[in-house]
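Results of the structural survey
One-letter residues, chain by chain:
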Amino acid sequence: MGFTQLVSDKCVFVKGSGADICIVATWVDDIIMANARHNNLEREQFDKDLRKEFEMSPWTSGEADWLLNMTIKRDWVKGTLHLSQPLAIEKLAEKFGMTGREGSKPHIPMKPDLKLVKAEGDKIVSESDFPYQSIVGGLLYLSLTARPDVAQSVGVLSRFMSCPGKEHCEAATQIVKYLYGTKDYGITYTRNGKSAPHLEKEDGMPLIQTYVHSRKTAVAVEDSTHDSQIMGTYADADLAGDVGTRKSTSGYCIVMNGGLIQWSSKLQATVALSTAEAETIAATEAVKQLMHMRLFHEELGMKSDVPSTVFEDNVACISLAHGSQQSKRAKHYQLKVHFLNEKFNDGTFAFEKVGTAEQLSDALTKSLPRESFCRYRDWMGVKPPPE
């Protein structure tokens, strides 16, 4: 059929280039095809070729509006694409009777002052008394698809699957009620959406003037809103945030066209001894994911000729990765420092310092007060469907 399987994702196939590109993505027995809207002949031929080899159910007529339990809403005039999962959220909330109809709905998924620890002995709540594992399993699915705003809070609950207590159950209930109250929210991508939301004011004007530097030309180019960047990456860590183990939480996200395309909130495997170490561990994971996304975009014909920006709020981490500082206190994690230094020198990425209040990944490392949480949620692109 003339398609080439991508190296970066074995479930994606591509044929052609530019305006004639045709992209096919598969997931088990589900297939979605993307090509130019006017090219009906390509879609019809693709259908015929597939039916020669496989027995298939009829294609959904027109544009895709439902895929893998996600609702898809488009507005070609405004240039928006909205992904949400209201039915999956309704099903979860109704199943466990946690719609919140009987009272006010929470505005945030988790209280910012809540510190959970393992329950012990008779304080452990059994699955028969409260279906904790089933609820958190459902929440994990939602947090990985179209609701990155609950990734951090669900990640915290998943640490206590075998030993939940009363506080854990109450926290799980709050997340479900929060999701039900915002069930129509989802990630919104826009045609002219930016990759660095912290650089824009409400009126769309940049907050600060920035520049990108290409090592190939050695010329600094004004790029106040990062239009030359396909993606913007944020990386952060919460030092020793887990009370029981004193491990830190890594958080990173990648923004494209005004919405998140990748995100992670994960407890680090080892105990970090300093903020610089915790931030370096988080930055390493972010750059690894960024490398994958750069290859993915290159295979789709969107190669980036400049280093991708990683926004970081820790000066020590930036200095170590850029090779401008050496420290004897970093000897025990030198592998990660050398990895970042190598990728910085070969032009894969470059750090840019941001303030803590502008660090989008802060929402992926800790629970935040309502004002901060709502601001970061908006920066993630998590919003109601465009009107």
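Residues numbered from 1 in each chain as written. Predicted model: local features only at pLDDT ≥ 70, side-chain atom pairs only at ≥ 80, totals over all residues. Heavy atoms only, no water.

Description of the sheet that holds strand β13 (residues 259-267)
Each strand in a sheet pairs with its neighbour through backbone hydrogen bonds, running either in the same direction (parallel) or in the opposite one (antiparallel). Stated formally: Any two strands with at least two DSSP-identified bridges between them are counted as paired. Numbering goes from the N terminus for both helices and strands, where a helix is a DSSP run of H or I of at least four residues and a strand is a run of E of at least two. Here the axes come from fitting lines to C-alpha atoms, over the contacting stretch only for helices, and the angles between their N-to-C directions go from 0 to 180 degrees. It only takes one pair of heavy atoms within 4.5 Å for two residues to be counted as in contact.
Taken in spatial order, the five strands of this open sheet run β13-β12-β11-β14-β15, and their pairing is mixed. With partners counted over all chains shown, the strands left at the sheet margins are β13 and β15 (349-353), one partner each. Between one strand axis and the next, the sheet turns by 20 degrees as a mean value, whatever way the strands run. Two elements, strand β11 (residues 232-238) and strand β14 (residues 308-312), share three bridges in a ladder whose sense is parallel. Within the sheet, the bridge partner assigned to T233 lies in β14 and is V310. Helix α6 (residues 275-299) contacts β11, β12 (249-256), β13, β14 and β15 of the sheet and is inclined by roughly 155 degrees relative to β11.

Some words on unusual backbone geometry
Operational definition: Residue burial is assigned from relative accessible area. The probe radius is 1.4 Å, only protein chains are included, and a residue is buried under 20% of its type maximum, exposed over 50%, and partly exposed in between.
Positive phi, close to 50 degrees, is recorded for L68, a residue that is not glycine. Locating L68 in the fold gives a position in the loop between β5 (66-67) and β6 (70-75). Positive phi outside glycine occurs at N69, with the angle close to 70 degrees. Structurally, N69 is set in the loop between β5 and β6. Residue class for N69 comes out partly exposed when judged on its relative accessible area of 39%.

Some words on the confidence of the model for the chain
A low pLDDT score tells you not to read the predicted coordinates there in detail. Using the following cut-off: Predictor confidence is given residue by residue as pLDDT, running from a minimum of 0 to a maximum of 100.
Taken over all residues, the pLDDT of the chain has a mean of 89, while the share at 70 or more is 91%. Per-residue pLDDT stays below 50 along residues 203-228; that stretch engages in 54 contacts with residues further than four places along the chain or on separate chains.

Considering the packing of aromatic side chains
Definition in use: Two aromatic rings, drawn from Phe, Tyr or Trp (for Trp, its six-membered ring), form a pair once their centres lie within 6.5 Å of each other, and the interplanar angle then sorts them: stacked below 30 degrees, edge-to-face above 60, tilted otherwise.
Inspection of every chain in the model, using the stated rule, returns six aromatic pairs. Ring centres 5.6 Å apart and planes at 65 degrees place the aromatic pair F3 and F46 in the edge-to-face group. With F3 in the segment before β1 (4-5) and F46 in helix α1 (residues 40-53), this residue pair connects regions lying 43 residues apart in the sequence. Relative to F351, the ring of F349 lies with its centre 5.1 Å away and its plane at 85 degrees, an arrangement referred to as edge-to-face.

Thoughts on the packing of helix α2 (residues 86-95) against helix α3 (residues 132-145)
Packed helix pairs are specified by the crossing angle of their axes together with the interaxial distance, meaning the distance between the axes. This is how it is decided: Orientation categories follow fixed angle ranges, with anything under 35 degrees roughly parallel, anything over 145 roughly antiparallel, 65 to 115 roughly perpendicular, and all other angles oblique. Under the convention adopted here, Pro, Cys and the residues Ala, Val, Leu, Ile, Met, Phe, Trp and Tyr are nonpolar, Asp, Glu, Lys and Arg are charged, and Gly plus all remaining residues are polar.
The interhelical angle for the contact between α2 and α3, taken along N-to-C directions, is 170 degrees, at an axis separation of 11 Å. Looking at the two axes, α2 sits roughly antiparallel to α3. The segment α2 lies against α3, with A88, I89 and L92 engaging I135, G138, L139 and L142. For the contact of α2 with α3, the residue count by class is six nonpolar, one polar and no charged.

What about the pattern of salt bridges?
Threshold: We define a salt bridge as a side-chain nitrogen of Lys or Arg found within 4 Å of a carboxyl oxygen belonging to Asp or Glu.
Evaluation of the coordinates by the stated rule reveals 12 salt bridges. For D49, the salt bridge goes to K52, with nearest N and O atoms at 4.0 Å. Of the two residues, D49 and K52 are both situated in helix α1; the distance of three residues between them amounts to about one turn of the helix. The class for K52 is exposed, based on a relative accessible area of 65%. Each member of the salt-bridge network shares a partner with another, and the members are E342, K343 and D346.

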